[in-house]
Structure formats: C-alpha cells, structure tokens
Amino acid sequence: YSKVLPGEPCVNFDYLLEGLVDCLPQSSVRHISQVLWACGRVSIYNTNESAIVTYVKILIKELSGRISEVTVIDVVQSIWAASKVGVRPDDCSELRIIIAHAGLVSDCMSTREICTVVGSLARMRAREYDVIKRLTSRFKKACVPIPSPDEATSLIFSLGRLNMRD
C-alpha cells in the first residue's frame, strides 16, 4: 500500500490498520514501525486523514511501551511517519519517548538518518532542542562521515525552520 497512486482509493488500508490494532501485542517492533512508515506514505493520498492520525497515535503508543526494543531504523521511520501525518509531541506524549530515544541511539545513526529525524522534527515544529543538539553535534566528531551536499542543505534548512542558529 505504500505505492498507492494519486486518486486511488485507500479504503482497504484503513481496514487493514483496524485489524492490525487487535494484533499489536503479537506484532514485532519492526512490523509496527514499518506500518507507521506506510501510514506516512499513504497519508499523502488518503482522504480519511483523521483515521490515519488515530492509528498512528495508537502505533506510537505501542512502540513507546516497548522502547527498549526500538532500533535506529524504527525510530527514524516512526518520527518521519508522525511528521508526515501531522502528529506532534504536543498531541501525543508517547511520541516524546520515541524522540528522546532518538537522542540516545544517535551514535548509531547514519548522516541520512540524522537529517531525516531533524527534518521530521522541524516539520512537526517540535521543541526537542536537547535531542536535536545531540543529533547535530555528531557532525562535530571526526569519526562521522561528512554529510552530502543534499543532507547538509536539508539539515541547515531544518535548523532554520526551528530557529536554531547554534
């Protein structure tokens, strides 16, 4: 369903999400984060946005309860998806747990993953400045690869949106 074309109905996606909610305790963390990613992709074309937002909040709540199992990829996909559907930390306190976890696992993130998380936080207008500083401070270390021009541009734009000049 992540390859739905503009104008195609997404009715089945809502139905699948409804069924998934019943299976959350048996679902792996990776499965949940991939469903979140799909929600972010489908939300671009789905007219039933409020249903998607509701399901994203439910999925984020489940992930936050299993935060010790959440990997870097899960964090990146979850934060990106939340930003795409318009879920913000102010609306969903469990999202703050995942954002805080992003700061804790930042040493394992690639430059692209850091830029994706910072860009997503900027899209949300999240005020998680400590996490953002921790993520971006990685670029000061010699062992971290230099971001590509696209990544650097994205990062600078995101920091500008957040009014962070440091």
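Reading the values: rules and limits
- Residues numbered from 1 in each chain as written.
- Predicted model: local features only at pLDDT ≥ 70, side-chain atom pairs only at ≥ 80, totals over all residues.
- Heavy atoms only, no water.
- Helix = DSSP H or I, 4+ residues; strand = E, 2+ residues; numbered from the N terminus.
- Buried < 20%, exposed > 50% of the residue type's maximum accessible area, 1.4 Å probe, protein only.
- Contact = heavy atoms within 4.5 Å.
- Salt bridge = Lys/Arg side-chain N within 4 Å of Asp/Glu carboxyl O.
- pLDDT = per-residue confidence, 0-100.

1. Some thoughts on the overall build of the chain
Okay, so step 1: The helix and strand inventory of the chain stands at 8 helices and 0 strands.
Okay, so step 2: Starting at the N terminus, the α and β elements of the chain follow one another as α-α-α-α-α-α-α-α.
Okay, so step 3: Within the chain, the fraction of its 166 residues that count as buried is 48%.
Okay, so step 4: Put simply, 77% of the contacts in the chain that link residues at least 6 apart link residues at least 24 apart.

2. Comments concerning the pattern of salt bridges
Okay, so step 1: Inspection of the entire model under this criterion finds 9 salt bridges.
Okay, so step 2: Linking R127 and D90 is a salt bridge whose minimum nitrogen-to-oxygen distance equals 4.0 Å. Linking R127 in the loop between α6 (111-124) and α7 (129-137) with D90 in the loop between α4 (72-85) and α5 (93-104), this pair joins segments that are 37 residues apart in sequence.
Okay, so step 3: Exposure remark for D90: the relative accessible area of 47% places this residue in the partly exposed category.
Okay, so step 4: Taken together, the salt bridges that share partners define one network made up of R88, D90, R96, R127 and E128.

3. As for the side chain of S83
Okay, so step 1: Within the secondary structure layout, S83 lies in helix α4.
Okay, so step 2: Other than its neighbours up to four places away in sequence, S83 contacts S120, R123 and M124.

4. Quick look at the confidence of the model for the chain
Regions with low pLDDT should not have their predicted coordinates read in detail.
Okay, so step 1: Put simply, the chain has an average pLDDT of 85, and 86% of its residues get 70 or more.
Okay, so step 2: Within the chain, no element has a lower average pLDDT than helix α1 (residues 11-23), which sits at 68, and none a higher one than α5, at 96.
Okay, so step 3: Scored below 50 in pLDDT, residues 1-5 makes 10 contacts in the model with residues more than four places away or belonging to other chains.

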